[in-house]
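# Chain and residue survey
Okay, here's what each chain looks like letter by letter:
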Amino acid sequence: MTMMVMVSERMRLTEQIYETQGVNVTVIEGKTAILPCSVHDAPASSDSKPVKVVWTDQWSTILTFRDERIIDDERIHVDHTFAREWNLRLERVKYGDQGIYTCQVNTDPVISYTVHLTVVVPPRLTNDVTAGSVEVLEGNRAELVCNATGIPTPTITWFRQTARPSSTSQLLRIGETGQVLVIHNVTRHCKGVYLCVAENGVPPSVRREIRVQVKFKPEVKLPTKRISQVRGKDTILECVVSAHPQAQAMWRFHGRQLNSNDKYNVNIYPQLGTDTITLSLYIRRLEPSDFGKYNCIASNSLGETSQKMVLSEHIIRTTTTTTPSTTTTTTSSASSPTTTRSLLYHPSPPSRLAPQSRGKGKGKSSGGGGPHADRRVHAGGGGGGGKGKGGAMEPAQTVDANSHWEPGANYAGADSGARAGRVSGCCSILHTFMLILMTTSVTVVAHVLLLTS
């Protein structure tokens, strides 16, 4: 048996009386209390008669005499295990049993023991209106009541369960104490399980769960408001609906409610522990008539909400590229290009050329001149030593890639030779001038050296 006993006993022997002071016994309601009464130090009676012990309560009612019960209460017994011990045992203690009990021994002088019995009561929760669950409209105020009794008066602490029932529950202390918890401006996120825990230092503590349900009109959310698919393929449309009480949800197309058949398949997937469902619409073998606006509608006793999703056709555009079967030689960009330098030939206008001769006869052409003429223009009919009949000479002209060629111009071979000769003469004059300049310089240097010496 469990018993909490706090005892402070002091015996004092006076001239003819034994007294006790401050014997306190504390017991939990429903347990067994042992009230001590010991006469080990009591003097023997003068007539050597047996010791007689009487227990009385706070109203001076005689409870026992020696080891016999006087009143009709089966919970009361006398424990006389040892010769000088007369303990009063009280089973299944009630709160009304607390008070002052007295043990008197008929010795000479008389001994009196006083015992103060204190009964404590563990906390108990009363049946309240809000016990179990509470429903409140979103935006209103909710009151959760948790009344508890006990001795001493219990303290009530509030907690909220943060995890889903399927997982390990965790309690979050709200921080408020008291028998009433008030939630202002309730939202759907206030939904959940709340706990009140009552404790007063007397085990065991007690708790109660109160489930809060928040009522709100349906809310419809679309993962995407526009979706496209290729004609002939299948597709799935989804919308997420939250509501309490649970909403009636459906898909509509052109004002017609869609149900599961060979063309459509409608499914509802609830999310456990929440007021949310996912409404799915599966469409098979898309046709041109299937493209358009689909309406997801949800309704309950608080209202109706809808959202539209657009299903459009996805057109795949193909581009055909024809590659000719030719062999392409690619030169690496890392190689440096070859630069060909050539003297550009700018022929004189045709008016300055010698007129072309017509007629018969033999002649020799002194064309040729220098080698530069052969690099630029070769005129037939005027070639050195060439013989030919007089007549129109059509020059067969060849110009390299770096020369400046004027189309339509007609040049005579004799003029080409003369021009080449003039170029050669200019070069000779320049060479002579350079020799004279060098000779003059040497002469000046010699005269300077002579004068300095």
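Rules behind the numbers
Residues numbered from 1 in each chain as written. Predicted model: local features only at pLDDT ≥ 70, side-chain atom pairs only at ≥ 80, totals over all residues. Heavy atoms only, no water. Phe/Tyr/Trp six-rings, centres within 6.5 Å; stacked < 30°, edge-to-face > 60°. Helix = DSSP H or I, 4+ residues; strand = E, 2+ residues; numbered from the N terminus. Buried < 20%, exposed > 50% of the residue type's maximum accessible area, 1.4 Å probe, protein only. Lys NZ or Arg CZ within 6 Å of the ring centre and 35° of its normal. Disulfide = S-S within 2.5 Å. Core = buried A, V, L, I, M, F, W, Y, C linked by side-chain atoms within 4.5 Å. Patch = residues over 30% accessible without salt bridge, like charges linked within 9 Å, V, L, I, M, F, W, Y side chains within 5 Å. Areas by Shrake-Rupley, 256 points an atom, 1.4 Å probe, with all protein chains shown as cover. Salt bridge = Lys/Arg side-chain N within 4 Å of Asp/Glu carboxyl O. pLDDT = per-residue confidence, 0-100. Contact = heavy atoms within 4.5 Å.

## Focus: the packing of aromatic side chains
- Considering all chains together, one arrives at 1 aromatic pair under this definition.
- Consider the rings of Phe253 and Tyr294, whose centres lie 4.1 Å apart with planes at 10 degrees: the pair is stacked. Separated by 41 residues along the polypeptide, Phe253 in strand 22 (residues 248–253) and Tyr294 in strand 26 (residues 292–300) bring together distant segments of the chain.
- Residue classification places Phe253 among the buried positions, given a relative accessible area of 3%.
- The residue whose ring lies beneath Arg188 is Phe216, and the NZ or CZ to ring-centre distance is 4.0 Å.

## Digging into the state of the cysteines
- All chains considered together, the criterion is met by 3 disulfides.
- Residue Cys146 pairs covalently with Cys196 via a disulfide, S to S 1.9 Å. On the S-S bond that ties Cys146 to Cys196, the torsion sits near 60 degrees, and the link is right-handed. Pair noted here: Cys146 is in the loop between strand 13 (142–145) and strand 14 (148–151) and Cys196 is in strand 18 (residues 192–199), with a separation of 50 residues, a long-range link. Accessibility classification places Cys146 together with Cys196 in one group, the buried group.

## Quick notes on the nonpolar core
- Core analysis: the largest hydrophobic core is formed by 24 residues, its most contacted members being Leu35, Cys37, Trp55, Tyr101, Val105 and Leu117.
- Per-element accounting of this core gives the leading share, 5 residues, to strand 11 (residues 111–125).
- Counting 23 residues, the second largest nonpolar core, distinct from the first, contains Val220, Cys239, Tyr264 and Leu311.

## Points about a nonpolar patch on the surface
- A surface patch of nonpolar side chains, about 260 Å² in accessible area, is lined by Ile62, Phe65 and Ile70.
- Note on placement: Phe65 falls in strand 6 (residues 62–65).
- Overall, the relative accessible area of 34% leaves Phe65 in the partly exposed class.

## Concerning the confidence of the model for the chain
- With 63% of its residues at a pLDDT of at least 70, the chain reaches an overall mean of 75.
- Note on residues 1–18: pLDDT under 50 across the span, and 48 contacts to partners over four residues away in sequence or across chains.
- With pLDDT under 50 throughout, residues 326–416 is counted as low confidence; its partners more than four residues away or in other chains account for 82 contacts.

## A look at the pattern of salt bridges
- Inspection of every chain in the model, using the stated rule, returns 13 salt bridges.
- Residues Arg231 and Glu313 are paired through a salt bridge, measuring 3.1 Å at the closest nitrogen-oxygen approach. Here Arg231, found in the loop between strand 20 (226–229) and strand 21 (235–244), pairs with Glu313, found in strand 27 (residues 303–313); they are 82 residues apart in sequence, far enough to count as distant.
- Connected through shared salt-bridge partners, Asp79, Arg89, Glu91 and Arg92 make up one network.

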